[in-house]
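Descriptive structure summary
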Amino acid sequence: MSLLTVNNLAKAYPPTDIFSGVSFNVPNKARMGIVGANGIGKTTLLRVIAGEESASEGEVIKAKGLTIGYLPQVAKFESKKTLWDECMQGFAPLLKQEAQLKKLEKQLVANPNDEALINQYGALQQDYENKGGYTYLFRIKQALEGLSFKEEEYQMPLSKLSGGQRTRAFLVKLLLSNPDLLILDEPTNHLDIQAVEWLEKYLRDWEGAVLIVSHDRYFLDKVATVILEMRFGGIEQYRGNYSAYLLHREQRTEDRIRFAETERARMLKEIDYIRRNMAGQRTQMAQGKLSRLSREIFAVEKFGFEGVRGKKWSDLTKDGRNIRHPMGVEEAYRRIAALRSPSESKELNMKLKIRAKERSGNIIIRANDLTIGYPNNPLFEIEKLTLHRLECAALIGPNGSGKTTFLRTILGQIKPLVGQVNLGASLKIGYFAQAHENLKAEHTLIQEIESIKPGMLEKEIRSYLGRYLFRGETHYQQVSTLSGGERGRLALAKLSLTDANLLLLDEPSNHLDIASQEILQTVLADFNGTIILVSHDRYLIDALATQIWFIDDREQSLEIFKGNYTEYRQKDTVVNEVPQSTPKKEATPPSTSSTEPKVQENQQKKPLSKFERKRIEDRIVQVEELITEIELKLNKIEKQMQSSQSTPEDIQSFGEEYAYVQKDLEDTMQEWEELHLKQAQ
């Protein structure tokens, strides 16, 4: 049974058509991802489905009683309440039952033998438990922690939170509301990798259906079981996750190319017939063919070859102007020749090229006993780090852990608190800044390119900008008027002119649509230099990384792992130092010496830094408080089990809950013991 049906939906802001011909079903427990180029109408489609906007044509049919939770890209979550109070607001009925239970408990103390009162209390308690009365606090904490909120932020007013934090807070509240259908527009935008992974697991276990627009390919791989690709003139459905979609899309594209070539050959054959018969005995027939062909050309120009496939020409060519005024033979020939097949449409994608002009030395970066951060605010320590030529190191960690700070330290913009970063010989560094601070807001696009290549002629600059999808008068626009995606493309255009052999990339795929992300990935994989990549794009990391550098903000240390992201996640432990990683392009000779002594050396325990010791002490206090809470909960369950009013079914339920809480206590006690062992080092 479908929760929701989208039937021939269209949306236009006259005179612009945003999308049309969109039809699909959302069954119960669906996990559907929507992809497509920037500007194709994905966000508008979600808004129409969620009831935020009306459709120009078509309809959205919803199952009776369907509840929908909608997360926009930027949630305008305004409230005078604290973060915690907003989360609690969704449990108002449970809080009311809680108050009733406390009132009945007081009455039972005064009248312990009142059977009617006992029955009323038991029924209310059972209903309270069935609705999650004993778990809602745990669910709130779980969601807040999972989406990277710190405990000290729980009591902050929403007005004090940043825009990204408010969007995350809105997502927490949305998840806790438990709707039948979740509609999420770029839910990973304001999340670090740990939070995204938590959300992935949460959505996989979600009882309802999920409809997601996302540029996060790894996220779609983990969550989606169906991919909907929005195209001009409709939407196409692919079974499977994002990787399966890529495979099937390639097969369909080859089929579209064959169809387009066949149709174009047919049209050219029609033109040949019209030319030969326009002035002969069959003039009337040739004119009729030209009139019909004119309408077909108009339809293909509007919808593309794939947009007209399988549809009646009469339904696609309703514009009467083309019937009254057919184009001339030569004009028709030129316009047929100009029609794009799917293979030729790749010209509409960004043409990125990044190449190193000069070769660097073999050692790119070397550091020992390094502390990264600011005065009175150390962020993390590095025991030993070496990066070789042609490697790609992916620097990951929670938001605020110091990733951008580390890049700026390598650039020499910030001094390390302890130690120094030693850079190799013949390095030329190219830096892609996450906030695009290297772009000057008052500059035009042409001036930005001139700042890198002063000798380029304006004609050359404009041609070059065209490769990055900047057309016509946009070349004279100021940077301040550009969207996030346009700024990203301009920054990449500048980066490719630097001839750098070491790229420091801070979230280079932000704001790029999936097609541009795929192009960026291909170009970086072919880059003939070295890369340090800061990114939340795990698909990109998995494809490029030869090392993973993980900033552990709890231990305030940088952990180093040889391999890609999938291999890193599969490991139970992360090795702090590894032999030279395999480069992306050139293989290094195998070492004849054994690495075993080095591994054994790294396994030896080292004294705790003052920062690690402080973190452990704070965590011990938190864990001890948690142990007290769990023990009180166990005592409460024991009393319930011993109550003379408990039925056999109640006792069984209490027993299951007791086992669950007991396991929680054992795990917490184990953590407490491990923390004390670390503290004793």
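Conventions used here
- Residues numbered from 1 in each chain as written.
- Predicted model: local features only at pLDDT ≥ 70, side-chain atom pairs only at ≥ 80, totals over all residues.
- Heavy atoms only, no water.
- Phe/Tyr/Trp six-rings, centres within 6.5 Å; stacked < 30°, edge-to-face > 60°.
- Buried < 20%, exposed > 50% of the residue type's maximum accessible area, 1.4 Å probe, protein only.
- Pairing = 2+ DSSP bridges.
- Helix = DSSP H or I, 4+ residues; strand = E, 2+ residues; numbered from the N terminus.
- Axes fitted to C-alpha atoms, helices over the stretch in contact; angles between N-to-C directions.
- Contact = heavy atoms within 4.5 Å.
- Parallel < 35°, antiparallel > 145°, perpendicular 65-115°, else oblique.
- Arc of directions from axis to C-beta.
- Expected span 1.5 Å × (residues − 1).
- Polar contact = N/O pair within 3.5 Å; in protein donor to acceptor, adjacent residues only side chain to side chain.
- Core = buried A, V, L, I, M, F, W, Y, C linked by side-chain atoms within 4.5 Å.
- pLDDT = per-residue confidence, 0-100.
- Left-handed = near helix turned anticlockwise from the far one by under 90°.
- Nonpolar A, V, L, I, M, F, W, Y, C, P; charged D, E, K, R; others polar.

**Details of the packing of aromatic side chains**
Under the definition given, this model contains 16 aromatic pairs. Geometrically, the ring pair formed by Y128 and Y134 is edge-to-face, given 5.3 Å between the ring centres and 85° between the ring planes. You can call Y128 buried: its relative accessible area is 3%. Under the relative-accessibility criterion, Y134 is labelled buried at 18%. Ring centres of Y202 and W206 lie 5.9 Å apart, and the angle between their planes is 40°; on these two criteria the pair is classed as tilted. You can call W206 buried: its relative accessible area is 6%.

**Focus: the pairing of strand β10 (residues 363-374)**
Bridge count between β10 and strand β11 (residues 377-388): ten bridges; the pairing is antiparallel. Bridging across to β11, I363 finds its partner in H388. Hairpin connection from β10 to β11: two residues lie between these consecutive antiparallel strands, with N376 at a positive phi of about 65°.

**Points about the sheet that holds strand β5 (residues 68-71)**
Within the open sheet, the six strands sit side by side as β5-β6-β7-β3-β8-β9. Their pairing is mixed. A strand with exactly one partner marks an edge of an open sheet, and here the two such strands are β5 and β9 (234-239). Strand-to-strand, the axes of this sheet are offset by a mean angle of 15°, without reference to chain direction. Across four bridges, strand β3 (residues 31-35) lies against strand β7 (residues 209-213) in parallel orientation. The partner of M32 across the bridge, within β7, is L211. In this fold helix α1 (residues 42-50) packs onto β3, β5, β6 (181-185), β7, β8 (226-231) and β9, with an angle of close to 150° to the strand it touches most, β6. Contacting β3, β8 and β9, helix α9 (residues 242-277) crosses the sheet at an angle of about 125° to β9.

**Side note on the pairing of β8**
For β8, the tally of buried residues reaches five of six residues, placing the bulk of the element in the interior. As paired elements, β3 and β8 share four bridges and run parallel to each other. Considered in β8, the bridge of V35 is made with E229. Two strands pair when backbone bridges link them, and β8 and β9 are joined in this way by six bridges, in the antiparallel orientation.

**Concerning the packing of helix α16 (residues 445-452) against helix α17 (residues 458-466)**
Contact pair α16 / α17: the axes reach a minimum separation of 10 Å and the direction vectors enclose 105°. The pairing of α16 with α17 is recorded here as roughly perpendicular in orientation. Side by side, α16 and α17 meet where L445, I446, I449 and E450 of the first sit next to E458, I461, R462, Y464 and L465 of the second.

**What about helix α14 (residues 329-338)?**
Turning to α14, its buried residues are V329, A332 and I336. Angularly, the buried residues of α14 cover 60° about the axis, an arc narrow enough to put them on a single face. Residues R334 and A338 are exposed on α14 and point more than 90 degrees away from its buried face. For α14, the elements touching its buried residues are α9 and α10 (283-303).

**Some remarks on helix α4 (residues 115-130)**
For α4, with 16 residues, the first-to-last C-alpha span of 23 Å sits near the 22 Å given by 1.5 Å per residue. Those residues of α4 not exposed but buried are L117, I118, Y121, L124, Q125 and Y128. Looking straight down α4, one finds its buried side chains confined to an arc of 135°; they lie on one side. Those residues of α4 that are exposed and aimed more than 90 degrees away from the buried face are E115, A116 and N130. Between the side-chain oxygen of the N-cap and the backbone nitrogen of A116 there are 3.2 Å, and the N-cap of α4 in question is D114. Once α4 finishes, G132 follows within two positions and takes phi at roughly 90°, a positive value.

**A short note on the nonpolar core**
Core analysis: the biggest nonpolar cluster contains 57 residues, and L352, I449, L490, L492, L503, I541 and I548 have the highest contact counts within it. If near-sequence neighbours (up to four positions away) are discounted, L503 is found in contact with I354, G430, L495, L524, F527, T530, I531 and I532. The next biggest cluster of nonpolar side chains, apart from the first, holds 46 residues, and it includes L101, A169, L176 and L184.

**Concerning the environment of L395**
Positionally, L395 belongs in strand β12 (residues 392-396). Between the C-alpha atoms of L395 and D506, which are 111 residues apart in sequence, the distance is 9.3 Å. Here L395 is in contact with K403, F406, L533, V534, S535, W549, I551 and L558, once residues within four sequence places are set aside.

**Observations regarding the sheet that holds strand β1 (residues 2-13)**
Adjacent strands of a sheet pair through backbone hydrogen bonds, lying either parallel or antiparallel. Read from one edge of the open sheet, three strands run β2-β1-β4, paired in antiparallel fashion. At either margin of the open sheet sits one strand with a lone partner, and together these are β2 (16-27) and β4 (57-62). The mean angle between the axes of side-by-side strands here comes to 15°, regardless of whether they run parallel or antiparallel. In the sheet, β1 pairs with β4 via five bridges, with the strands oriented antiparallel. Of the residues in β4, the one forming a bridge with A10 is E57.

**Points about the confidence of the model for the protein**
On average, residues of the protein score 84 in pLDDT, and 89% of them reach the 70 mark or higher. Low pLDDT, under 50, characterises residues 319-324; the stretch is placed with seven contacts to residues that sit more than four places away or in other chains. Counted against residues more than four places away or in other chains, residues 572-606, with its pLDDT under 50, gives 49 contacts.

**As for the environment of E57**
Relative to the helices and strands, E57 resides in strand β4. Separated by 46 residues in sequence, E57 and K11 place their C-alpha atoms 6.7 Å apart. Other than its neighbours up to four places away in sequence, E57 contacts N8, L9 and A10.

**A short note on the packing of helix α5 (residues 136-146) against helix α6 (residues 163-177)**
Viewed as axis vectors pointing N to C, α5 and α6 meet at an angle of 140°, and their least axial separation amounts to 10 Å. The hand of the α5/α6 crossing is right-handed. Packed against α5, whose contacting residues are R139, I140, A143 and L144, the element α6 presents V172, L175 and L176 at the interface. Split into classes, the residues belonging to the contact of α5 with α6 amount to six nonpolar, no polar and one charged.

**Considering unusual backbone geometry**
A positive phi angle is found at E186, which is not glycine, with a value near 50°. Take E186: it is sitting in the loop between β6 and α7 (193-204). For N376, which is not glycine, the phi dihedral falls at a positive 65°. Relative to the helices and strands, N376 is located in the loop between β10 and β11.

**A look at the side chain of S535**
If you trace the backbone, S535 turns up in the loop between β16 (530-534) and α20 (538-544). Among all residues touching S535, those that are not within four sequence positions of it are I193, L395, I396, E507, S509, L540 and I541.

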